[in-house]
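Given next are the chains, with one letter for each unit.
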Amino acid sequence: MDRNLALEFVRVTEAAAIEAARWIGRGDKNKADEAAVNAMRSRFNQIDFSGTVVIGEGEKDEAPMLYTGEHVGKAKIPLMDLAIDPLECTNSVAYGRYNAMTVVASGKKGSLLHAPDTYMEKIAIGPFGKKAINLDASVKVNIEKTAKALNKKVEDITVVILDRERHINLIKEVRNAGARVRLITDGDVAAGIATCFPDSGIDLLMGIGGSTEAVLAAVPIKILGGEVLCRFKPKKDADITKIKAAGVKNLNKIFTAEDLAKGKQLTFTATGVIEGPLLNGVVFNKDKVITHSLVIRGISGTIRYITTHHHNYK
C-alpha cells in the first residue's frame, strides 16, 4: 500500500472524528453517526483511488450509513477493499462515555472478508499467546494456556468482555477460572487491538460482537503478530441467507486473522473521538482542533501515532 494513500486515510478518519466529537454528550447517537458518515464519505471521494466497502455497519436501504457494496474514491485505480466504522461506539459519544473512535481498514481487492454486519463469536490475543487460544476450547483452558504463554499467573490474566446480557455465563466462567474481568460498554475493536500492547493491561478479548468489528480488529492484530479467531453467530434467519450469499457456506467455520485480512498490503487507520485504550480524543481549542490518530501498515510493519493541529477548522 502506498504510504501517501495511508496518510490520506488519516485525513478521512480525522474529519469523521471531528464532526462526531461535536455531538459528545448531546444524547443523540444517530446525529453523531450521521455526522461521522457524511464527513468520511466526503473525504473518501476526494482521494485518487477506487474503494469498495466490503464490510461495514450499513446496507443500501439503511441511510445514512456507508453501506456494504458502496464505492468511494474519484479514480479507477488502485482497487481496494475497505472495512469501515465511521463511528465506533456511538453510545459512548451520545452519553459522553469512554472509548470512541473512527476507523478504516484497507487492503488490495479481495483481501478483506466480504460479509454482512452480524454477530461473531470471538477470541483475540497478542503475539506472545497466539498459539494458546482455541475457539472450541473451554474458557478455563484458554485462560490457563494464555497464562502459561504469557508467563503470568492465572489470577493476573485480564479478559475484556462487552457488558451484555448474553455474556452473563461467560463472565462467570472467567471469574470461576480465577482470571480478572474488565467490562466495556462498547468498543471491542480497540479492546481486541489492545491485547497486542502489553502495557494495555488486557490479555484476552472474549465474547460475541459484530462481524465488522472483527474484520477491523483483525487487520492490526495480524500486522502486530497477534491472533483473532471468529465464528458467525447470526442474529436472525435472514442473516444466514446474507452470510451464505457472501460466499460463506459453512457457518461453523472458524476464521483466523489471515482469513479475515489476507496478505501484507493492509492498513489500519483510526482517530480518537473520546479517550480510549488506544487513543486520546478530539480537543477543541479557541483557534484549533487537535486530533490523535494511529496508522498501522502491513508492508512496513510500522505503527505511527499522529497528533494533528487543525488551525481555523470549521
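Predicted model only: the values in this text are computed from it and were never measured.

Participant: Explain the overall build of the protein to me, please; I cannot follow it from the model alone.
Facilitator: Looking only at helices and strands, the protein features 9 helices and 13 strands. Computed over the C-alpha atoms, the radius of gyration of the protein is 19 Å, within 12% of the 20 Å expected from 2.2 N^0.38 for a compact globule of 314 residues. Here the C-alpha coordinates of the protein stretch approximately 55 × 45 × 40 Å along the principal axes. Here the protein, with 314 residues, has 54% of them falling under the buried criterion. Looking at the protein alone, contacts between residues at least 24 apart form 70% of all its contacts between residues at least 6 apart. Surface summary for the protein: the accessible area is close to 14000 Å², and the carbon and sulfur share equals 47%. Here the protein holds 44 positive side-chain charges and 37 negative ones, and the gap between their average locations is 3 Å.

Participant: Help me out: how do you make sense of the sheet that holds strand S8 (residues 204-210) in this one?
Facilitator: Note on sheets: strands pair through backbone hydrogen bonds, and any given pair is parallel or antiparallel. Strand order in the open sheet formed by 5 strands is S7-S6-S8-S5-S9, with mixed pairing between adjacent strands. Every other strand in the sheet has two partners, leaving strand S7 (180-184) and strand S9 (227-232) as the edge strands with one partner each. When strand polarity is set aside, the average angle formed by the axes of neighbouring strands in this sheet is 20 degrees. Inspection of the sheet shows strand S6 (residues 158-162) paired to S8 by 2 bridges, in the parallel sense. Among the inter-strand pairings, Val160 is bridged to a residue of S8, identified as Leu205. Along the sheet face, helix H7 (residues 211-223) touches strand S5 (119-125), S8 and S9 and points at about 25 degrees away from the line of S5.

Participant: How should I be thinking about the side chain of Asp239 in this particular structure?
Facilitator: Take Asp239: it is sitting in helix H8 (residues 237-245). Not counting residues up to four positions away in its chain, the partners in contact with Asp239 are Thr118 and Pro234.

Participant: Explain the packing of aromatic side chains to me, please; I cannot follow it from the model alone.
Facilitator: Given two aromatic rings, their pairing is described by the distance between the two centres and the angle made by the two planes. All chains considered together, the criterion is met by 4 aromatic pairs. Centre to centre, the rings of Phe9 and Phe44 are 5.9 Å apart; their planes meet at 75 degrees, and the pair counts as edge-to-face. With Phe9 in helix H1 (residues 3-21) and Phe44 in helix H2 (residues 29-44), this residue pair connects regions lying 35 residues apart in the sequence. Side by side, Phe9 and Phe44 carry an identical accessibility label, which is buried. Seen in terms of ring centroids, Phe232 and Phe255 are 5.6 Å apart; in terms of plane orientation they differ by 85 degrees. Their pairing is edge-to-face. Here Phe232 is found in strand S9, whereas its partner Phe255 is found in the loop between H8 and helix H9 (257-260), with 23 residues between them in sequence. For Phe255, a relative accessible area of 4% translates into the label buried. Three or more aromatic residues link up through ring pairs in this structure, and these residues are Phe9, Phe44 and Phe49. Stacked on the ring of Trp23, the Lys or Arg Arg26 has its end atom at 4.0 Å from the ring centre. Positioned over the ring face of Tyr119 is Arg166, at 4.6 Å from the centre of the ring.

Participant: Before we go on, may I ask you to explain the state of the cysteines in this structure?
Facilitator: A disulfide bridge is the covalent bond that connects two cysteines by way of their sulfur atoms. Within the structure shown, the criterion is met by 0 disulfides. The cysteine Cys89 is free of any disulfide, with Cys230 supplying the nearest cysteine sulfur at 17 Å. Between Cys230, a free cysteine, and Cys196, which holds the nearest cysteine sulfur, the sulfur-to-sulfur gap is 13 Å.

Participant: Would you mind going over the nonpolar core with me for this structure?
Facilitator: Across soluble globular proteins, you tend to see nonpolar side chains buried next to one another. Counting residues in hydrophobic clusters, the biggest one holds 49 residues, and the most contacted among them are Leu260 and Phe268. For this core, the element with the most residues is H7, which contributes 8 residues. In this structure Leu260 touches Ser111, Leu112, Leu113, Ala214, Val215, Ala218, Val228, Cys230 and Phe255, once residues within four positions along its chain are discounted. Grouped together as the second largest cluster of nonpolar side chains are 30 residues, Ala16, Ala17, Met40 and Val273 included.

The rules we used
Residues numbered from 1 in each chain as written. Predicted model: local features only at pLDDT ≥ 70, side-chain atom pairs only at ≥ 80, totals over all residues. Heavy atoms only, no water. Helix = DSSP H or I, 4+ residues; strand = E, 2+ residues; numbered from the N terminus. Rg over C-alpha atoms; globule rule 2.2 N^0.38 Å. Buried < 20%, exposed > 50% of the residue type's maximum accessible area, 1.4 Å probe, protein only. Contact = heavy atoms within 4.5 Å. Areas by Shrake-Rupley, 256 points an atom, 1.4 Å probe, with all protein chains shown as cover. Lys, Arg positive; Asp, Glu negative; His and termini not counted. Charge placed at Lys NZ, Arg CZ, Asp CG, Glu CD. Pairing = 2+ DSSP bridges. Axes fitted to C-alpha atoms, helices over the stretch in contact; angles between N-to-C directions. Phe/Tyr/Trp six-rings, centres within 6.5 Å; stacked < 30°, edge-to-face > 60°. Lys NZ or Arg CZ within 6 Å of the ring centre and 35° of its normal. Disulfide = S-S within 2.5 Å. Core = buried A, V, L, I, M, F, W, Y, C linked by side-chain atoms within 4.5 Å.

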